[in-house]
Amino acid sequence: MKKWMLLPCLLLSAMLAAQTPVPAGTALMVRLDTTLATFSNRVGDPFQAKITQAVVVNGNTLIPVGATVEGRVTKVTEPRRISGKPCIGLLPEAVIMPPASATFWMQP
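Computed from a prediction, not measured in an experiment: that's the story for all the values here.

1. With respect to the pairing of strand β3 (residues 46–51)
Here is step 1 of the chain: The alternating pattern of β3 places Phe 47, Ala 49 and Ile 51 on a buried face and Pro 46, Gln 48 and Lys 50 on a face that is not buried.
Here is step 2 of the chain: Note: strand β2 (residues 27–32) against β3, three bridges, orientation antiparallel. Its bridge partner being in β3, Leu 32 is matched across the sheet by Ala 49.
Here is step 3 of the chain: Pairing of β3 with strand β6 (residues 68–77), which is carried by five bridges, proceeds in the antiparallel orientation. Paired with Gln 48 across the bridge in β6 is Glu 70.

Quick look at the structure:
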């Protein structure tokens, strides 16, 4: 399993009610907290990941490092014997911001 994964996604403005909406197609750099595998996961299984690189748009941090992304598996394709590649599709459904006090203590 790769520890780092580039997760392109569409986020709804409702997930960030008090913030500027994240533009469609924004890539999120995350570390998966949930182990995912084509042989054990099925469509609809939940996953969790942590943001490892802040999402910044026009100089404003919309999603800080440490925020949690929750979502569901949307596609699972197992590899074939002769050809084919394994594939797992992921759909982020929510972004949970870290507590404000945690951000304060992380600053130098």
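Having put the structure on the table, let's press on.
2. Quick look at the pattern of salt bridges
Here is step 1 of the chain: In this structure the tally under the stated criterion is three salt bridges.
Here is step 2 of the chain: Among the ionic pairs, Arg 31 bridges to Asp 33, the shortest N-O distance being 3.1 Å.
Here is step 3 of the chain: On the basis of relative accessibility, which here comes to 37%, the residue Arg 31 falls in the partly exposed class.
Here is step 4 of the chain: With a relative accessible area of 35%, Asp 33 lands in the partly exposed category.

Conventions used here
- Counting starts from 1 at the beginning of each chain's written sequence and moves along it residue by residue.
- Local features in a predicted model are, by the rule used here, given only for residues with pLDDT of at least 70; side-chain atom pairs are given and counted only at 80 or more, and totals for whole chains, interfaces and linings are based on all residues.
- No hydrogens and no water enter the side-chain calculation; it runs on all heavy atoms of the structure.
- Burial here depends on accessible area, computed with a 1.4 Å probe over protein chains only, as a share of the maximum for the residue type. Under 20% is buried, over 50% is exposed, and the range in between is partly exposed.
- Strands are runs of DSSP state E lasting at least 2 residues, helices are runs of H or I lasting at least 4, and numbering of each runs from the N terminus.
- Whether two strands pair depends on DSSP finding at least two bridges between them.
- Here a salt bridge means any side-chain nitrogen of Lys or Arg lying within 4 Å of a carboxyl oxygen belonging to Asp or Glu.

All we've got here are geometric facts, nothing functional implied.
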